[in-house]
Structure formats: structure tokens, C-alpha cells
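A look at the structure
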Amino acid sequence: MRGLVICWILIGGLGFLIFPWYVTGDGFFSINWIKEYSLEDYGSVLPQVFINKKYWLLPLTIPLFFPLTTIKLNQNNPLYSKIFLYSGLIGFFYFFLQGFSIGIRGWNFEIFQSIFGDVENQFGVGLGAVLTCCTFIFYITHGLSSRGWLNGDNFIVGSIGSIIILVSTFVFFPIFRMFTVAFKGTEGGYEISNFSDKIFNKGIWGLDCTYSDYACGVFWNTVTMGTLTAFSSTILGLAFALLIARTSFRFKKTIRILSVLPIITPPFVIGLAIIILFGRTGVVSTFLEWGFDIEPSRWIYGLPGIWFAQTLAFTPIAFLILIGVVESVSPSMEEASQTLRASKWQVFKTVTLPLMRPGIANAFLIGFIESLADFGNPLVLGAEYDVLSTEIFFAIVGAQYDETKAAILAMILLSVVLVIFYLQNQWLGKKSYISISGKGDSGVHPELPQKTKWVIYSTVLPWALMTFIIYVMIMFGGFVEMWGVDHSFTLKHYIEAFSVDWVKDRGLLWTGTAWNSFNTTFTIAIISALPTAAIGILTAYLLTRHKFKGKNAFEFGTMLSFAIPGSVIGVSYVFAFNVPPLELTGTGIILVIAFVFRNMPVGVRAGIAAMNQLDPHLDEASSTLNASSSQTFRNIILPLLKPAITASLVFSFVRAMTAISAVIFLVSANYDLAVSYILGRLENNDYGLAIVYSSALIIVMLFTILLMQLIIGQRKLGRRDQSAGILQGNLG
């Protein structure tokens, strides 16, 4: 422990005395400052104080180095914990106070101006400031653990403290900055009347509606859409999971690939494919008119079309959550039920399904939130059916540019999610769902009831076939002149997007128009996937295995970013991180941060669903062997969470490759992403190029997902192969 303390003091010292305190012109991670070390431009705190006369940085020296006085103190001494706790709190508070005290026009508070004099501006925090701030956070958490909080476990206290700081900085702070706009008046000040006029608008809460014209208030439209999508995606996801895990179907791998295709499809493409198939002049509509004299209609536009597209898009998320849960149900419990002469249906209804309740509830919650946050499908297929996400989007990027309206709608949307979150917890109750206890468990899952299997087959196979047809159409669209109009064969779209030329003097040149955004998107997606999964799984472990004050608020904070529409997240990030001290807009870092904290809740929910099935006695057994909590988490828990880790990695990677609502406000000339490129092509009616790019992304994501699953591997539970068990049962 003494070595860990010294290590963190050294890290803080390096950040304070060596590394640039403010971000350099070449970027946060640039190392060019080492070659051209200029004290005035790239200096650490001491040059900033004595050369640039920024004397307000000097007081940070005291709380940063004062813990050196504890080197000879016993950790059980009360003074030891007080020194670390108060040094961390004072340093952390003063760090942000001095940072936010300077605005783009100078000091924000007159008292500092009278003490330190005039100041022109302030740059964003650099690597040195970040390392110093991290050291203060360690001081706080180490001080709390030394006082005996959570049994003095540094790993647990440090993990909780770090996640709280991260979520507060990158979730609560941007949303707070955004929500302050809800009370903004027309003159620039803050008015309650403007807030009340917009929140009680009839367009939000109106009930005068009919099915034909969708005239309901946008709130009721949104709740209806979210509920329908959550139910259908959860049921289909469970059916896919049962087919893969509990049947001897020969083409499981093919079905598994088809089941995840929609989640790796860029936005707008599914909606466009559905229109080409089912629109008034679509392939299916034309065939029905020709063969059965059924007049084409516009049924695909509005609620039916959105529901269909969202179910197609979000079923894979439910499947990824539920497949690990279905595989985790202990065969011994089902076999015990069979020994009591229970039928296959009774075993499935009274044992199997109840043990899956955490996964089903989490899949429903994620499906509901995803539906509410989605604006791509409602934008393409919504017609007159307005929902909160599209209203927020147009309030921000439309001609009206009404930030107050967008913030108010976001508050309403968050309230809906919180209600669903509460109902989900009530449905789960305090029952136990443990089915993996660490004891011998080499049984085989019993066969599903025959009728249940036929229901699953009749549901999954037609849906998989339809998914296959849609993706054949998408791939086909890349090889024709104009999808849906001119089907002459051509390769011009692929050549324009991904051409590669060899120039004698310059070598290999990536001349295709899509290469720049493709490389940027892939790099940022890979970088953001790892911290997304790590933070999500660690958070799930803390929530399910440890009790501490504020646990419910902690869980709420980790889910908040998923409840807010991506467009609001993007705009709130612009408000929060467009000016010093947290100046991140226009950089690749803000894209990574947005993806991490937007997608982290999926890792949390998948981890919670899996952790609920792991017996806490596994942790206790590890502790009796003198293993620390970090060793238990690394060596015992993580290997049993491989399905949840895979789900989190896959989801975060593909969402970073395909997300648009949040990042459309954050992309820049240097960091142009695939979705903005595709959107630009669609706006120019260049469907062929958009489809070619989308097809390439789908193939790359499929390959990357398979590679991730290969690297992570499968969880070993010591069970016999399901198909072998079924065969043995049939022979018996």
C-alpha cells in the first residue's frame, strides 16, 4: 500500500512539474511539445506561475505534496486518513474552482480579479492538469478507505469514486448545462413563464387523436411506440436466444449472424430498404398488386413502419442480453424439477422462465430506452407521427432552433424512462435468481416443450428470412445505377468510395472518398469499446456485490446517459465542452467520451443480469483464500461474465460505428465519421454510394465481432454439450 501511495504522489508530481498544464495546439495526446518545449506555450505549473504570472495555480502545491508527511505514519492512525481525505478534497475543489473562475472574457468573479489582476483567457486543461486531478481523486478514495469505508477496500472505494467522478463530469455536468437552457427566456435571461408555456403545450400532452392521422400529443405517441417496440424486441430476442441455446437446430450459426445484422447497420439504411420493399412502389407492394390485385398503400409510414423498423433494429440488443442469461440457467434445477414428475412445459414455465426474469426485464428496459432515443427510423418512416426524439432533433437543428423546447422535451423523456426503470425494479422484486454457484453443475438442459419449439421456429425463421431478404436488397443496391429506379449493373459506387491507386513517386494512395471517414470511425470505435465494457462491467459488479450509501443514485447516474436522446447528448456536450477549462469540441477525445458514456449502460445492464446469477459465495470463498477484491474480480468474476463482456464490447463497437444522433453535432473536418458521410450522400440523393459504404461497414463489423468473440472466448461452466444431451435423451 505504501508503494501505491508513493506511485500516485509521483504521478501527481510529474503532472504538476513536468507535463503541460494546458492543452497544446497539436492536441491533448500530442508529444510534439517534448521536441519543442517552450515554457511560455507548453510549460507545467511552475513556468505558468513564474513566467506567465498565473499565480492562482501555486496554491495547488500544498494539497498535492502535503501527503508526503504520511510516509512514516501508520495507516491505522486517524491522522493518516484525515491528511489524505482533506488534501484530496481541498485540491480537487480548488482545481475546478480556479478552472471555472475564468471564462472566455476573463474572470467570472470580481474577487479573483482584484487579487490576481486582469486575465485575457484560459486554455483547456492538458495532460499535466489531468494527472494532477487524478491524484487528488486517489487521495480522496484512499482517505475514505483508510477510515474503514467499505471495509477499507481500496479497490472498491477507488472504483466507486472514479466512476462517480467520471459520470458526474461527462453525464450530469453536460445535462445540467443543457437543462439550464430550459428556463432561458427570449431575451437571454431566465424566465419561469417561458418554461411553463412550453412544457404544458397541447402538442405534447394532447389526447384528441385518431389512428388515421396520428394527431395524439407527442408524449403519447412516444410512449406507445416505445412500449410496442420493447415488447416485440424482447419477445423476438428471447425466441432467438432459446433457438440458439436450447434447440438442436442445424443452422444456428447462420441464424445467429442474421440476428445481429440489424444492429451493425448504419442508420437510415434499414428505413430506406423497408421503403424500397413495402412502399407504394416497392417490390412487395408491386408484387401484391400484380398477383393479388391488392392496391398499394402508405401503411409503412407512421407508427406501423416505425414499429417494424425499430423491432428489426433493436431485437439484436435484446438477443445479446438474453443469450448469456439463457445459457446461465442451471440444468440441475431443471433436472430436479423433472425428478418431481414435472412435464417439459411445467419445467419451462415454473423454473426456466422465472430464472430469466432479470434478463427479460433488462432487455425490455434497454429496448424501451433505445426506442425513445432513436430518431433515424422516425425521421425516415414517421410521416405525420411525431415523437419526442424527432421533435428534439428539429428543435435543435431545424429552422426554429429552440433550445428551450429541446431541453423541456428531454426532461419529459427522462421522466418516462425513470418511471419504466422503477416499474422494472418492482417487477423483479427481491427474489433470488442465482443459478451458478460454483458447485458441480455438469447437467444438460432438458428439451423445450414441442409446442414451444414450434412457436419459436414459426417466429424466428420467418423473421430471419425477412432479415435476409432485406440485406440482400441492401447489398444489391450497391451494384446498380439507382436503387429502386435503374437496376443496371455497375461498380462505379465502389470505385468512387474505396478506390486505391498506385503512383510511382508517391506509392499507394487511398483515393476513395470514403477512406478518411472510414479509418477515423473504425479507430474511434475500437478505442471507445474497451473503456465502455470495462466501466460497464465494473459498475455492474459494484451494484450487485456491494452495499453503500447512495447506491440507487449511483445506479441512476450510470443509466442517465442512455435515457437522453443522442441529439440532446450531442448538444449538451457542445455547451459543456466548447469553452475552457474542459475544451474538447472538435477533437477525437470528445467522440470517444460521448460513445463511452452513451453506450456504458448496456454493459451495466448486461453485467447486472449475469451477476444476478452468480452466487455471492464465490466471492466469499475467494476471500477466505486471502484474495483481495481486485483479484476476486479479475480471476473469478470476469471469466464467468464472458457473455456480458462480449455483449458490451460488441454493442459499444457497433454503436460507435453506426451512431449518428449524438455525434452529428461533434464531428469536425479532422474527425468526420461514417454516419455523417452517409447522411451527406442521402441528402444528395446518392443512394448507391451510401449503400456501398453501409455494406462495407457491415462486413467490417461482422469480421470484428467474430474476432472479439474469438479473443474473449466462451465461459466454461463444466456442462455437457446441449446437442449431445438431447441425443442421449432421445436414445434413452
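No experiment lies behind these values; they were computed from the predicted model shown. Along each chain, the written sequence defines residue order, and numbers are assigned to residues from 1. Local features in this predicted model are restricted to residues of pLDDT 70 or higher, and side-chain atom pairs are both shown and tallied only at a pLDDT of 80 or more, whereas totals for entire chains, interfaces and linings draw on every residue. Side-chain descriptors were evaluated using all non-hydrogen atoms of the structure, hydrogens and water having been removed beforehand.

Moving on to the packing of aromatic side chains. For any pair of aromatic rings, the description rests on two quantities: the centre-to-centre distance and the angle between the ring planes. A pair of Phe, Tyr and Trp rings is counted when the ring centres sit within 6.5 Å of each other, with Trp represented by its six-membered ring. The angle between the planes then sorts it: under 30 degrees is stacked, over 60 is edge-to-face, the rest tilted. Under the definition given, this model contains 43 aromatic pairs. Geometrically, the ring pair formed by F173 and F577 is tilted, given 6.1 Å between the ring centres and 55 degrees between the ring planes. Within this pair, whereas F173 is found in helix 9 (residues 154-179), its partner F577 is found in helix 27 (residues 566-577), the two being separated by 404 residues in sequence. Like F577, F173 is buried. With 5.3 Å between their ring centres and 80 degrees between their planes, F498 and W515 make a pair best called edge-to-face. Taken as a pair, F498 in helix 24 (residues 492-498) and W515 in helix 25 (residues 515-545) lie far apart in primary sequence, 17 residues in all. Side by side, F498 and W515 carry an identical accessibility label, which is buried. Three or more aromatic residues joined by ring pairs form one cluster here, namely F16, W21, F65, F92, F95, F96, F100, F170, F173, Y573, F577 and F597. The positively charged end of R681 is found above the aromatic ring belonging to Y677, 4.6 Å away from the centroid. Going along the chain from the N terminus, every DSSP run of H or I of four or more residues is numbered as a helix, and every run of E of two or more is numbered as a strand. Exposure is judged per residue with a 1.4 Å probe applied to protein chains only, and the accessible area is read against the type maximum: over 50% gives exposed, under 20% gives buried, and values in between give partly exposed. For a ring to carry a charge above it, either NZ of a lysine or CZ of an arginine must fall within 6 Å of the ring centroid while also lying within 35 degrees of the normal to the ring plane.

Take the pattern of salt bridges next. If the charged atoms of two oppositely charged side chains come close together, the side chains can form a pair. One speaks of a salt bridge when a side-chain nitrogen belonging to Lys or Arg is within 4 Å of a carboxyl oxygen belonging to Asp or Glu. Counted under the stated rule, the structure contains three salt bridges. For the salt bridge of K492 with E481, the shortest nitrogen-to-oxygen distance reads 3.0 Å. Highlighted residues: K492 in helix 24 and E481 in strand 3 (residues 480-482), separated in sequence by 11 residues. Overall, K492 belongs to the partly exposed group, its relative accessible area being 42%. A residue is classified by how much of its surface remains accessible, and E481, at 28% relative accessible area, is partly exposed.

What follows deals with a nonpolar patch on the surface. In this analysis, a patch consists of residues with relative accessible area above 30% that form no salt bridge, clustered at 9 Å for like charges and at 5 Å for the nonpolar side chains Val, Leu, Ile, Met, Phe, Trp and Tyr. Note on areas: Shrake-Rupley, 1.4 Å probe, and residue coverage restricted to the protein chains presented here. Taken together, L14, L17, I18, L46, F50, I51 and L58 make up a surface patch of nonpolar side chains, about 590 Å² in accessible area. Looking at the nonpolar patch, the elements with two or more residues in it are helix 1 (2-17) and helix 4 (45-50). By the secondary structure assignment, L58 is in the loop between helix 4 and helix 5 (61-65). The exposure class assigned to L58 is partly exposed, which follows from its relative accessible area of 34%.

By size, the foremost hydrophobic cluster in this structure holds 192 residues, and its most contacted members are W483, Y573, F577, F597 and Y693. Once residues lying within four places of it in the same chain are set aside, the contact partners of Y573 are F170, P174, N578, T585, I590, I593, A594, F597 and L666. Residues grouped as a nonpolar core are buried Ala, Val, Leu, Ile, Met, Phe, Trp, Tyr and Cys residues, joined through side-chain atoms within 4.5 Å. Whether two residues are in contact is decided by their heavy atoms: any pair within 4.5 Å suffices.

What follows deals with the packing of helix 28 (residues 588-611) against helix 31 (residues 642-658). Helix axes are fitted only over the stretch in contact, all axes being lines through C-alpha atoms; the angle between N-to-C directions runs from 0 to 180 degrees. Interaxial distance between helix 28 and helix 31 falls to 9 Å at its minimum, and their mutual angle equals 160 degrees. Considered as vectors, helix 28 and helix 31 are oriented roughly antiparallel to each other. The two elements helix 28 and helix 31 meet at a crossing, and its hand is right-handed. For the pair helix 28 and helix 31, contact is made by F595, N599, V602, G603, A606, G607 and A610 and by A644, S648, F651, S652, R655 and A656, respectively. For the contact of helix 28 with helix 31, the class distribution of residues is seven nonpolar, five polar and one charged. Our angle categories are set so that under 35 degrees counts as roughly parallel, over 145 as roughly antiparallel, 65 to 115 as roughly perpendicular, and the remainder as oblique. For a crossing to be left-handed, the near helix must be turned anticlockwise from the far one by less than a right angle; the clockwise case is right-handed. Throughout, the ten residues Ala, Val, Leu, Ile, Met, Phe, Trp, Tyr, Cys and Pro are labelled nonpolar, Asp, Glu, Lys and Arg are labelled charged, and all others, Gly among them, are labelled polar.

Note on placement: T490 falls in the loop between strand 4 (486-489) and helix 24. Residue T490 is classed as buried on the basis of its relative accessible area of 10%. At 3.1 Å, the side chain of T490 and the backbone nitrogen of K492 are in polar contact. Those residues within four positions of T490 in sequence are excluded, and the remaining contacts are G478, F479, V480 and E481. A 3.5 Å cut-off defines polar contacts: any pair of N or O atoms within that distance qualifies, except that in protein one atom must be a possible hydrogen donor and the other a possible acceptor, and neighbouring residues in sequence count only when both atoms are side-chain atoms.

A positive phi angle, near 60 degrees, is found at N151, a position not held by glycine. Relative to the helices and strands, N151 resides in the loop between helix 8 (127-146) and helix 9. For N151, a relative accessible area of 80% puts it in the exposed group.

Axis separation between helix 25 and helix 31 bottoms out at 8 Å; the angle between their running directions is 145 degrees. The chirality of how helix 25 crosses helix 31 is right-handed. From helix 25, T521, F522, A525, I526, S528, A529, L530, T532, A533 and I537 reach across to helix 31, where they touch A644, I645, S648, L649, S652, F653, A656 and M657. Residues that form the contact of helix 25 with helix 31 fall into these classes: 13 nonpolar, five polar and no charged.

What pLDDT expresses is the predictor's confidence in each residue, scored from 0 to 100. Looking at the protein, the pLDDT average stands at 80 and 87% of residues meet or exceed 70. The spread of mean pLDDT over the elements of the protein runs between helix 34 (residues 722-731), the lowest at 42, and helix 5, the highest at 94. Here residues 211-215 is modelled with pLDDT under 50, and outside its nearest four sequence neighbours on either side it reaches 12 contacts, counting other chains as well.

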